[in-house]
Amino acid sequence: MKAIRRFTVRPVLPEPLRPLSELARNLRWSWHAETRDLFQSADPEHWASCGGDPVRLLGCVPPARLAELAADRRFLRRLTAAADDLRDYLTGERWYQAQPAGLPAGIAYFSPEFGITAALPQYSGGLGILAGDHLKAASDLGVPLIGVGLLYRHGYFRQSLSRDGWQQEHYPVLDPNELPVTQLREADGSPAGVSLALPRGRALHARIWLAQVGRIPLLLLDSDVEENDLGERQVTDRLYGGGSEHRLLQEMLLGIGGVRAVRTYCRLTGHPGPEVFHTNEGHAGFLGLERIAELGDQGLDFDAALEAVRAGTVFTTHTPVPAGIDRFDRELVARHFGPDAELPRIDVERVLGLGMETYPGGEPNLFNMAVMGLRLAQRANGVSQLHGQVSREMFAGLWPGFGPEEVPITSVTNGVHAPTWVAPEVFRLGARQIGAQRAEDALSVGGSDRWDSVADIPDEDIWELRRELREQLVSEVRHRVAAAWRQRGAGPAELGWVDGVLDPEVLTIGFARRVPSYKRLTLMLRDRDRLMDLLLHPERPVQIVVAGKAHPADDGGKRLIQELVRFADDPRVRHRIVFLPDYGMAMAQKLYHGCDVWLNNPLRPLEACGTSGMKAALNGCLNLSVLDGWWDEWYQSDFGWAVPTADGGSPLPATAGAEADHRDEVEAAALYELLERRIAPRFYERGRAGLPDRWIEMVRRTLTLLGPKVLAGRMVREYVERLYTPAAHAHRALDASAARELAAWKARVRAGWHEVSVDHVETSCPPAERTGRSASTATAELGATLGLRVRVGLGPLGPEDVQVQAVSGRVDEEDRITDPSVVALKPAGAPDADGRWVFEGPLSLDRTGPYGYTVRILPDHRLLASPAELGLVTVPPQDAGGDGAGVLLR
């Protein structure tokens, strides 16, 4: 019979065991091995059946066992030590507290998903895992962060396969009372919540749940509450589910409701209010509107409030393609804002103006969440150097007149939380070498450029570690393959072959990620005969473990999975290649630990970062990847391999059709070539001691050189130093008076900019020798200095409102300046009788070869974060005086 109502019965722990509850409710256990070991020792059998979840475990341990533990002095000593360690971790000074004064007192970090642990399944892929690692690293560093997200009652889907290999989705219901979260409550004990106004007098209510991630509070909003009608209760039903209006309401709740939740949490707990708001991708972009409304209630007009909000906002973009960005119809957004809905005090047209694609190449009727995120943030970044370059090109239309290299989007390359992803065996090996505390600090806080102590680890210890982890992976894979085939309808008599799946002595390749088409799950199947030869080679075989989920609405991705599953079902190779359904954090950890090579073959440059290879590298796994994302930035031939691309490395993806087909053909052939001629021979080659010396050296160099780079601790330190702290300083500088001043100045500059002009440019260059080019040419010697004199019109503006710059550098065949240097020119006296100003300055010729310069005028104000911020620039016309628009020196 089926229950008509479900509720959770919590265990009553004996008094000596009360600290277990505190340890279970703080998600630090998910990356703290000693705490996990303590829970496992409480009841090993139930620990395994509960999936390593302490909250579920405490609900399963029989009362007799609890009484036994309460009398076990050895267990109680371990419990006291774990509780004391957590207390020290939560209250002691860490990296952030040791930094100079001036850092933000509080930072709010918004993301639609957070991958903290499999016990809190609120993630779908890389964005959520990255957000979870960001919170954990912030906790380890002592950064005063508050995480903000949504609590999905179904989370992301569970994946299984039909008999013919087709992906099937299942959405188990999650009861918050069975998750490691607690409800935030008001002082009187009532549940804390937020509300949003909806059209036609309706409302969207949400409760606030708190997950404690070490030192970091994570606030999760849940709309499945009795105050809501059925439609509103389902707003937080599924991650990335539903139609456009459903997604819009999710993102309004995340952004607007999230700010209100942060204010409530700070009021109830005394946590410092955030000085910086960090938007992890565009989904939470509406948070800026709520903050503008807050400042409006304090007396600021929209323009001044916008400047104040921008100063303290950081926006991180994660997608290198427009299709990966949420975009809504203009009328849908308009319907949910204004007098009859949310934020009635803000004019709907001002709301729409923040997100509309009103730039060349945009679609004017679409509201773009990333565009709004960029317009509401004074600081923005991509998640690898290559992705920053792609983002500057993709969003260049927002800054007309500037080349992509000057678009104000920087890069902070992602990192991964090593204590979460490093195998305990790897940590123990490091602890034996340098001590447990130093090893823990190296993985969590980081700070060094190299881990040179790895050089002292004997070859045999490294190889034995890799063999042990590979054996564990083989055991895990066999268990999962058997379970997957039983789900597909196979009986015990059909599964005898599973005991021979994979071989702990064979080179093992891992490929696990989401399955959009650009990640090319099936590139390895391009030449099936050649792949079979690799899998079944009599002396140097390889074996491949594959996992991944396609979006429920992506039938193309599902077909890719089915194609690979059908190949892996072939009795000739099913012991050498497997597809594991239901990819998630728990499975991922085993794969990163046990694989020898991590494969990544996306269409370049569509992988923004690709952190799975980072996690593998921290376990001594070598990367085999297209030069995309982080691998483009840090690849070296002595610790991995780069798959050559058909375009020669150009950061432009191939088009569809024949060109894309040819590209896949070429790159698949390059992949097979690497595996056959370089990777497999090196793995199986043995030195004098019977060890694969050259392979071990590559593992050693991976750990030494890549290890410190790929840490989330390094990433969060970069955010603090390069983005959070400047944003906090800008926030403090933009009080109400300064915000009004800046808004008025911007309005004045925009209104008068059409009158700004470059009228004449003179130089001390020798007379030019005409060459037929549009600009003049001359010769000059390296080290010479040109004197520049520029006559400009500023209209209603003054010299204090602008910066006149000389931009110089080498020029290409089309006279475009490459790798430019910029020098500010200074005003020379008062305006002339025509109201024109003269600016002067020296130009040093510091490079040989074809060289050129031009001049330009930009707005300038002390409170701008970038001279490109307004998207305004004036350059000379082609007839601006005797020297033309610039001069070429050849």
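What you are looking at is a predicted structure, and each value in this text was computed from that prediction instead of being measured.

K.L.:
Give me the lowdown on helix α20 (residues 528–535), citing residues and values where you can.
P.N.:
Leu531, Met532, Leu534 and Leu535 are the residues of α20 that are buried. Axial view of α20: buried residues confined to an arc of 160°, hence all on one face. Exposed positions of α20 whose direction lies more than 90 degrees from the buried face are Asp529 and Asp533. Residues of α20 that are buried sit in contact with β16 (542–547), α21 (555–568), β17 (577–580) and α25 (658–684).

K.L.:
Please provide a residue-by-residue account of helix α9 (residues 244–269), values included.
P.N.:
In this model, α9 (26 residues) spans 36 Å end to end at C-alpha, consistent with the 38 Å of a helix rising 1.5 Å per residue. At glycine 257, α9 shows its maximal bend, which comes to roughly 35°. Backbone geometry just after α9 places glycine 270 at a positive phi near 80°.

K.L.:
Quick one: what's the story with the side chain of asparagine 368, residue by residue and with numbers?
P.N.:
You can see asparagine 368 is positioned in strand β12 (residues 366–368). A distance of 2.9 Å separates a polar atom in the side chain of asparagine 368 from the backbone nitrogen of alanine 370. If we skip the residues at most four places from it in the chain, asparagine 368 touches Ile325, Asp326, Arg327, Gly355, Glu357 and Tyr359.

K.L.:
Residues and numbers for the sheet that holds strand β18 (residues 597–600), please.
P.N.:
Pairing is parallel in the open sheet, where six strands are placed in the order β17-β16-β15-β18-β19-β20. Either end of the sheet is taken by a strand with one partner, and the two such strands are β17 and β20 (640–643). Strand-to-strand twist in this sheet, taken as the mean axis angle between neighbours without regard to direction, amounts to 20°. Pairing of strand β15 (residues 507–512) with β16, which is carried by six bridges, proceeds in the parallel orientation. Within β16, the residue paired with alanine 512 across the bridge is alanine 547. Sheet strands in contact with α25 are β15, β16, β18, β19 (622–626) and β20, and its direction is about 165° off that of β20.

K.L.:
Give me the nonpolar core: which residues, what numbers.
P.N.:
The biggest cluster of nonpolar side chains holds 109 residues, and the ones touching the most others in it are Met524, Leu591, Leu624 and Trp695. Sequence-distant contacts of tryptophan 695, defined by excluding residues within four places in its chain, comprise Trp463, Leu507, Asp596, Val597, Leu622, Trp641, Ile679, Arg682 and Phe683. If you look at the next biggest cluster of nonpolar residues, it comprises 100 residues, including Leu221, Leu306, Phe328 and Val792.

K.L.:
Can you break down the layout of surface pockets residue by residue, with the values?
P.N.:
Computed from the structure, the second largest pocket encloses a volume of approximately 770 Å³. Along its surface, the second largest pocket is lined by 30 residues, and Leu306, Arg375, Arg750, Glu869 and Leu870 are the ones closest to its centre. Among the elements that line the lining of the second largest pocket, the one with the most residues is helix α11 (residues 302–311), at five residues. In terms of residue class, the lining of the second largest pocket is built from 15 nonpolar, six polar and nine charged.

K.L.:
Which residues make up the pattern of salt bridges, and what values do they have?
P.N.:
In total, this model carries 63 salt bridges according to the counting rule given. A salt bridge links aspartate 326 to arginine 247; its shortest N-O distance comes to 2.9 Å. Linking aspartate 326 in the loop between β10 (313–316) and β11 (327–329) with arginine 247 in helix α9, this pair joins segments that are 79 residues apart in sequence. For arginine 247, a relative accessible area of 16% translates into the label buried.

K.L.:
Describe in detail the packing of aromatic side chains, supporting the description with residues and values.
P.N.:
Aromatic rings in a pair are described by how distant their centres are and how their planes are angled relative to each other. On inspection of all chains with the given rule, the structure shows 20 aromatic pairs. With a centroid separation of 6.4 Å and 5° between ring planes, the pair formed by phenylalanine 39 and tryptophan 47 is classed as stacked. For the ring pair tryptophan 630 and tryptophan 631, a centre distance of 5.2 Å and an interplane angle of 70° mean the geometry is edge-to-face. Tryptophan 631 carries the same exposure label as tryptophan 630, and that label is buried.

K.L.:
Help me get a handle on unusual backbone geometry, residues and values and all.
P.N.:
The peptide bond linking arginine 604 to proline 605 adopts the cis configuration, its omega dihedral lying at 5°. The backbone of arginine 200 shows a phi angle near 60°, a positive value even though the residue is not glycine. Summarising the element assignment, arginine 200 is placed in the loop between β6 (193–197) and β7 (203–213). Classification of arginine 200 as exposed rests on a relative accessible area of 68%.

K.L.:
So what's going on with the environment of leucine 599? Which residues, and what values?
P.N.:
Within the secondary structure, leucine 599 sits in strand β18. Here the alpha-carbon distance between leucine 599 and leucine 624, two residues 25 residues apart in the chain, equals 5.0 Å. For leucine 599, the residues in contact, after removing those within four places along its chain, are Ile509, Gly510, Phe511, Arg513, Met524, Leu624 and Leu671.

Rules behind the numbers
Residues numbered from 1 in each chain as written. Predicted model: local features only at pLDDT ≥ 70, side-chain atom pairs only at ≥ 80, totals over all residues. Heavy atoms only, no water. Buried < 20%, exposed > 50% of the residue type's maximum accessible area, 1.4 Å probe, protein only. Helix = DSSP H or I, 4+ residues; strand = E, 2+ residues; numbered from the N terminus. Arc of directions from axis to C-beta. Contact = heavy atoms within 4.5 Å. Expected span 1.5 Å × (residues − 1). Bend = angle between axes of the 7 residues up to and from the residue. Polar contact = N/O pair within 3.5 Å; in protein donor to acceptor, adjacent residues only side chain to side chain. Pairing = 2+ DSSP bridges. Axes fitted to C-alpha atoms, helices over the stretch in contact; angles between N-to-C directions. Core = buried A, V, L, I, M, F, W, Y, C linked by side-chain atoms within 4.5 Å. 1 Å grid on protein atoms, 1.4 Å probe; cavity = no way out; pocket = protein on both sides within 12 Å on 5 of 7 lines; lining within 4 Å. Points joined across faces, edges and corners; volume = space filled by probe spheres on them. Nonpolar A, V, L, I, M, F, W, Y, C, P; charged D, E, K, R; others polar. Salt bridge = Lys/Arg side-chain N within 4 Å of Asp/Glu carboxyl O. Phe/Tyr/Trp six-rings, centres within 6.5 Å; stacked < 30°, edge-to-face > 60°.

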